[in-house]
Amino acid sequence: GQESVIMMIKPLWQTVQNLSGRSHGDVKVLTGDIMEQGYMIQYARENNKKLLIWCHFYRLLLAYLFGDMESAEVHANVCRVAENNPFGSSDHVLLMFYDGLVTLAQGKLNRQRQKTIAHCIKTFK
């Protein structure tokens, strides 16, 4: 019900807070006045797998924006399981967009990264 809806918007809300300079500590961690990352991840594991993917997506976004490409790549790898979930096409496009940016930002394109870029390009066609 209502608690589920509130929990789903908290990662986005905390991301906005972090981008506004209102994080508690590391700006790439979803902890602040709105939510505490550790609690949210535990809650999501137990109650809502989609919420867990969203937490990783916003952590991917923050890591990318603040230059932590290794962390962004880890979160992108976790988010890829969302491709088969009914998130909606706009969410899928956002994921593919940032996944592609992170892969390109990593520099050297090994075989797996080449496949990731090819998949992202194919998705946008």
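Details of the structure are given in the entry above.
Since this is a predicted model, take the numbers as computed values, not measurements. Numbers given for residues are sequential positions, taken from 1 along each chain in its written order. Local features in a predicted model are, by the rule used here, given only for residues with pLDDT of at least 70; side-chain atom pairs are given and counted only at 80 or more, and totals for whole chains, interfaces and linings are based on all residues. With hydrogens and water excluded, all non-hydrogen atoms of the structure serve as input to the side-chain values.

Asks: Is there a simple way to explain the pattern of salt bridges in this structure?
Replies: Side chains that differ in sign of charge can pair as their charged atoms come close. Salt bridge, as applied in this entry: a Lys or Arg side-chain nitrogen positioned within 4 Å of an Asp or Glu carboxyl oxygen. Applying the stated rule across the entire model yields 3 salt bridges. Of the charged contacts in the structure, one is a salt bridge between Asp26 and Lys28, with a shortest N-O distance of 3.9 Å. When accessible area is computed with a 1.4 Å probe and restricted to protein chains, residues below 20% of their type maximum are described as buried, those above 50% as exposed, and intermediate ones as partly exposed. Judged by its relative accessible area of 38%, Asp26 falls in the partly exposed class. Taking the relative accessible area as the measure of exposure, Lys28 reaches 24% and is therefore partly exposed. Counted as one network, the salt bridges with shared partners bring together Asp26, Lys28 and Asp68.

Asks: Got a minute to help me understand the nonpolar core in this structure?
Replies: A general trend in soluble globular proteins is that nonpolar side chains are found buried together. By convention a nonpolar core is built from buried Ala, Val, Leu, Ile, Met, Phe, Trp, Tyr and Cys residues, the set being connected through side-chain atoms within 4.5 Å. In this structure, Met40, Leu51, Phe57, Tyr58, Leu60 and Leu95 are the most contacted members of the largest nonpolar core, which totals 26 residues. In this text, helices come from DSSP runs of H or I with a minimum length of four residues, and strands from runs of E with a minimum of two, each type numbered from the N-terminal end. Going through the elements one at a time, α2 (37-47), α3 (49-65), α4 (69-79) and α5 (89-105) are the ones with two or more residues in this core. Discounting residues that sit within four places of it in the chain, Phe57 has contacts with Cys79, Leu94, Leu95 and Tyr98. Throughout, a contact is declared for two residues whenever any of their heavy atoms are within 4.5 Å.

Asks: What am I meant to see in the environment of Asn110 here?
Replies: Its location among the elements puts Asn110 in the loop between α5 and α6 (111-124). For Asn110, a relative accessible area of 41% translates into the label partly exposed. Residues Asn110 and Trp54, spaced 56 residues apart in sequence, show a C-alpha to C-alpha distance of 27 Å.

Asks: I'm lost on the packing of aromatic side chains in this one. Help?
Replies: Any aromatic ring pair is given by two values, namely how distant the centres are and how the planes are angled relative to each other. Two rings from Phe, Tyr or Trp (for Trp, the six-membered ring) form a pair when their centres sit within 6.5 Å of each other. Planes less than 30 degrees apart are called stacked, planes more than 60 degrees apart edge-to-face, and all others tilted. Within the structure shown, the criterion is met by 7 aromatic pairs. Ring plane angle 20 degrees and centroid distance 5.6 Å describe the contact between Trp54 and Tyr58, whose orientation is recorded as stacked. Within this pair, Trp54 and its partner Tyr58 are both found in helix α3, separated by 4 residues, close to a single helical turn. Judged by relative accessible area, which is 15%, Trp54 ranks as buried. Classification of Tyr58 as buried rests on a relative accessible area of 11%. Aromatic side chains Tyr64 and Tyr98 sit 5.9 Å apart centroid to centroid with 70 degrees between the ring planes, which places their arrangement in the edge-to-face category. Of this pair, Tyr64 sits in helix α3 while Tyr98 sits in helix α5, and the two are 34 residues apart along the sequence. Through pairs of rings, three or more aromatic residues link up here, namely Trp54, Phe57, Tyr58, Tyr64, Phe97 and Tyr98.

Asks: Mind showing me how you'd approach α4 here?
Replies: An α-helical turn contains 3.6 residues, so any two residues separated by three or four positions project in the same direction. By the burial criterion, the buried members of α4 are Met69, Ala72, Glu73, His75, Ala76 and Cys79. Buried residues along α4 cover an arc of 165 degrees about the axis, so they all sit on one side. Comment: arc refers to directions from the helix axis out to C-beta atoms.

Asks: I would appreciate a short explanation of the packing of helix α1 (residues 2-19) against α2 in the present structure.
Replies: Any two packed helices are characterised by how steeply their axes cross, that is the angle between the axes, and by the distance between the axes. Relative orientation of the contacting elements α1 and α2 amounts to 130 degrees, with a least axis distance of 11 Å. The pairing of α1 with α2 is recorded here as oblique in orientation. With respect to the hand of their crossing, α1 and α2 are arranged in left-handed fashion. Between α1 and α2, the contacting residues are Glu3, Met7, Lys10 and Pro11 on the first element and Tyr39, Met40 and Tyr43 on the second. A fitted line through C-alpha atoms serves as each axis, taken over the contacting stretch for helices, and the angle formed by two N-to-C directions is quoted from 0 to 180°. For classification purposes, angles smaller than 35 degrees are called roughly parallel, those larger than 145 roughly antiparallel, those between 65 and 115 roughly perpendicular, and all remaining angles oblique. Put simply, a crossing is left-handed when the front helix is turned counterclockwise from the back one by less than a right angle, and right-handed when it is turned clockwise.

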